[in-house]
Every structure is written in C-alpha cells, then in structure tokens.
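The primary structure of each chain is shown beneath.
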Amino acid sequence: MKVPVLPGRVLTRRELKAWVTAVAQRADLWEPLVRHDTGGRHFAQLYRDGDIDVWVLCWNLVDDTGWHDHDTSSGAVAVTRGAVAEATPRMGGEPATRVVREGRAFAFGPDHIHRMSGAVDGSVSIHAYSPPLWRMGQYSISPSGVLRRRAVSYADELRPLD
C-alpha cells in the first residue's frame, strides 16, 4: 500500500488514522528508526512539515508516558509490532484502560488526556499529530484527586509525574 498524499492542510482525526495505518504498513519507512537498546523508551521523528508531525515510538513493559495531552493537536496511533496500553482518566474512579494490539489504530482530538505504556516488550507504534506538536501538557493526579497540568515542549521526554 502506498502512503496517502498529504492534503497540504491540518488533517482530521479520520485522515490521521488512515495516514498512520498506511505508514504502519510500510516498514521500509520506519524500521530503520526502531531501537530497544537505549535503556528507556526510544522515539524518533519520522516526518514533520507545517501540517503534520510523525514519530516512531519503541516500547518495553517498563515504559510509561505518564498522563499527558497534545495541546491543540489531534493525533493517531498505529501499532506496528506488539501492543501498547492506553489509559484515560475518569474523575472519581479508576482510569479506563485498553490494550491496542499490532495492526490496530486509533485517533483522538486535542481534548484527549491519556497515558500510554508498553504492553509487550519490543512493541513499536507510529504516532501522527496535526497540527504539528509544539507543546504538550503533563498531568499529575494527587492521592486526593487534584489534577495539575504542566506545559512541556514537544521535544521533552514524557514520563510519569505522579
């Protein structure tokens, strides 16, 4: 499958999901960036222009982004190898969690807060954001349920704050 041509504008969630799904099927594009020997979650930028930002993320079981958002960007994730776990917070309750396995993809809007981790050692996923990331928000949730946001650069390593 060929990678869809980019439309030259900010992509919708549906377009982002279709795009990462197509990129995921082109291992020749992302396989050279895969690494699991860095002592932590490895991530590498695959592509960036004025409308989209695309990353390859490599996961092991110990990797955890912590709670975060993507500021004004919508996003999509396609799992190309293994599986990743996604949790979304629930006020007054336990987070909702799901495991996204190889061959699956999902998309989300800029209002989405989540936490991602490796569900299988050696997992790989493709992430695309539109408009491109500049800032993200990292969150901590206190034992009493107080939610706090800290703005971070898109280039900062995400990790749990709590």
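Before going into details, it helps to say that this report is about the structure given with it. What you see is a predicted model, and the numbers here were worked out from it, not measured in a lab.

1. A short note on the nonpolar core
Link 1 in the chain: Residues Trp30, Ile52, Val56 and Ile126 are the most contacted members of the largest nonpolar core, which totals 18 residues.
Link 2 in the chain: For this core, the secondary structure elements donating two or more residues are α1 (13-24), β2 (53-59), β4 (74-81) and β9 (123-130).
Link 3 in the chain: When residues of this core are assigned to their parent elements, the largest contribution, five residues, is made by α1.
Link 4 in the chain: Excluding residues that lie within four positions of it along the chain, isoleucine 126 makes contacts with Val20, Val23, Ala24, Trp30, Val54, Trp55, Val56, Ala76, Val77, Ala78 and Thr80.

2. As for the sheet that holds β2
Link 1 in the chain: Spatial strand order, β1-β2-β9-β4-β7: five strands in an open sheet with antiparallel pairing. Strands at the two margins of the open sheet, each flanked by one partner only, are β1 (42-48) and β7 (105-108). Strand-to-strand twist in this sheet, taken as the mean axis angle between neighbours without regard to direction, amounts to 20°.
Link 2 in the chain: Sheet analysis places β2 next to β9, joined by seven bridges and oriented antiparallel. Residue pairing for β9: aspartate 53 is matched across the bridge by tyrosine 129.
Link 3 in the chain: The sheet contacts of α1 involve β1, β2, β4, β7 and β9, and relative to β4 the element is tilted by about 25°.

3. A closer look at the sheet that holds strand β11 (residues 147-153)
Link 1 in the chain: The strand order β3-β10-β11 describes an open sheet built from three strands, whose pairing is antiparallel. Two strands in the sheet have a free side with no partner beyond their single neighbour: β3 (67-69) and β11. Taken pair by pair, the neighbouring strands of this sheet meet at an average axis angle of 30°, ignoring direction.
Link 2 in the chain: The pairing of strand β10 (residues 135-141) with β11 spans seven bridges and is antiparallel. Residue pairing for β11: serine 140 is matched across the bridge by arginine 148.

4. Re the pairing of β10
Link 1 in the chain: Pairing analysis gives three bridges linking β3 to β10, with the strands arranged antiparallel. Paired with tryptophan 67 across the bridge in β10 is tyrosine 139.
Link 2 in the chain: Hairpin geometry of β10 and β11 is characterised by an intervening segment of five residues between the two adjacent antiparallel strands and by a positive phi of about 95° at glycine 145.

What counts and what doesn't
Residues numbered from 1 in each chain as written. Predicted model: local features only at pLDDT ≥ 70, side-chain atom pairs only at ≥ 80, totals over all residues. Heavy atoms only, no water. Core = buried A, V, L, I, M, F, W, Y, C linked by side-chain atoms within 4.5 Å. Buried < 20%, exposed > 50% of the residue type's maximum accessible area, 1.4 Å probe, protein only. Helix = DSSP H or I, 4+ residues; strand = E, 2+ residues; numbered from the N terminus. Contact = heavy atoms within 4.5 Å. Pairing = 2+ DSSP bridges. Axes fitted to C-alpha atoms, helices over the stretch in contact; angles between N-to-C directions.

Purely geometric stuff here, so don't read any function into it on its own.
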